[in-house]
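The chain contents come next:
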Amino acid sequence: MSQVFQIGELELKAFSDGILKTTTDFVLGMEAAKANALTGASDDGAVFLPVNNFLFQKDGATVLIDAGAGDTMQATLGRLPGNLRAAGHAPETITHIILTHIHSDHANGLVDASGAALYPKAEILVHAQEFDFWMADNDGSESEKIRRQRARNRINLTPYLDRVRRMREGEVVVGCTPMLAPGHSPGHTCWRIGTGRNAFVAWGDLVHFSDIQVSHPDVAVKYDLDPDLARRSRLRMLDMVANEGLAVAGAHVAAPGLGYLSRKGTGYIYDPA
Ligand SMILES: [Zn+2]
């Protein structure tokens, strides 16, 4: 299953990796009753977030945005490879994979259960700051969470190490340029893709609970490694996207995940494309 959107000359396809179960306990700085009301969560706070992925073709390249969770997290995830195949995009036809950041629901799907590359011909495009943080050696000062994620990320990236392109601001590859939006992870990146007004922004996990964080962009989540920094990145990016009227492709906004922002009060409204 995929849905197709036209952004200028670019045909953007949205694919689902599945549904991630979480809870509003992860919301920081908003009382539970309000968070539950905004998300429509039940009293126990359970929320089901979509995991959206995107694909486009340009100049002979086939570019996938994030790689899903594989079979590593919840049984409701790991649907991306099957959904790509069903739409005629076998894994070996993917030439580039853009990573918004290297967390499990975005990168564990790079490899199969044996640790082999699921996308044998794909080059990985990732911000240097994100790649370098997760591939660095531990020095003993890091949290258990970081140690575990680093260990997992070595599994995810090892088969790709000879085809990782560590990118920086201003660089453009297959029409994609990284814009650092750190906080959720040290090198979390929003990717600007396309040209001029016919561009869209793949914003990764700039927003997790879109029913909360679009209208209340000052609200952070416990998933953020640095919630304060994540908040500042979100405010800056949402402002830019709304100012320029750009389409946004969000990893966890309501599936299929493409839409536009408009301002309302101190926050924004998300309108699906
Ligand atoms: Zn995520």
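So, here is what we can say about the structure in this document. (Residues numbered from 1 in each chain as written. Predicted model: local features only at pLDDT ≥ 70, side-chain atom pairs only at ≥ 80, totals over all residues. Heavy atoms only, no water.)

Another aspect to go through is the side chain of His184. Residue position: His184 is located in the loop between strand 9 (176-180) and strand 10 (189-195). What makes His184 buried here is its relative accessible area of 4%. One polar contact links His184 to Asp224, side chain to side chain, over a distance of 3.0 Å. Once residues lying within four places of it in the same chain are set aside, the contact partners of His184 are His101, His103, Asp205, His208, Tyr223, Asp224, Leu225 and Ala230. (Helix = DSSP H or I, 4+ residues; strand = E, 2+ residues; numbered from the N terminus. Buried < 20%, exposed > 50% of the residue type's maximum accessible area, 1.4 Å probe, protein only. Polar contact = N/O pair within 3.5 Å; in protein donor to acceptor, adjacent residues only side chain to side chain. Contact = heavy atoms within 4.5 Å.)

A cis amide bond, omega 5°, links Ala255 with the succeeding residue Pro256. Looking at where Pro256 falls in the secondary structure, it is placed in the loop between strand 13 (247-250) and strand 14 (258-264). The backbone of Asp66 shows a phi angle near 65°, a positive value even though the residue is not glycine. On the secondary structure map, Asp66 appears in the loop between strand 5 (61-65) and helix 2 (80-86). One non-glycine residue, Val174, lies in the positive phi region at around 40°. Here Val174 is to be found in the loop between strand 8 (164-167) and strand 9.

Turning to the sheet that holds strand 7 (residues 123-127), a few remarks are in order. If you walk across this open sheet you meet the seven strands as 1-2-4-5-6-7-8, and the pairing is mixed. Only two strands of the sheet have a single neighbouring strand rather than two, namely strand 1 (2-7) and strand 8. The average undirected angle you get between the axes of adjacent strands in this sheet is 25°. Here 11 bridges tie strand 2 (residues 10-23) to strand 4 (residues 46-58), and the two strands are oriented antiparallel to one another. Bridge pairing in strand 4 places Lys21 opposite Phe48. Running at roughly 95° to strand 7, helix 4 (residues 128-135) makes contact with strand 7 and strand 8 of the sheet. (Pairing = 2+ DSSP bridges. Axes fitted to C-alpha atoms, helices over the stretch in contact; angles between N-to-C directions.)

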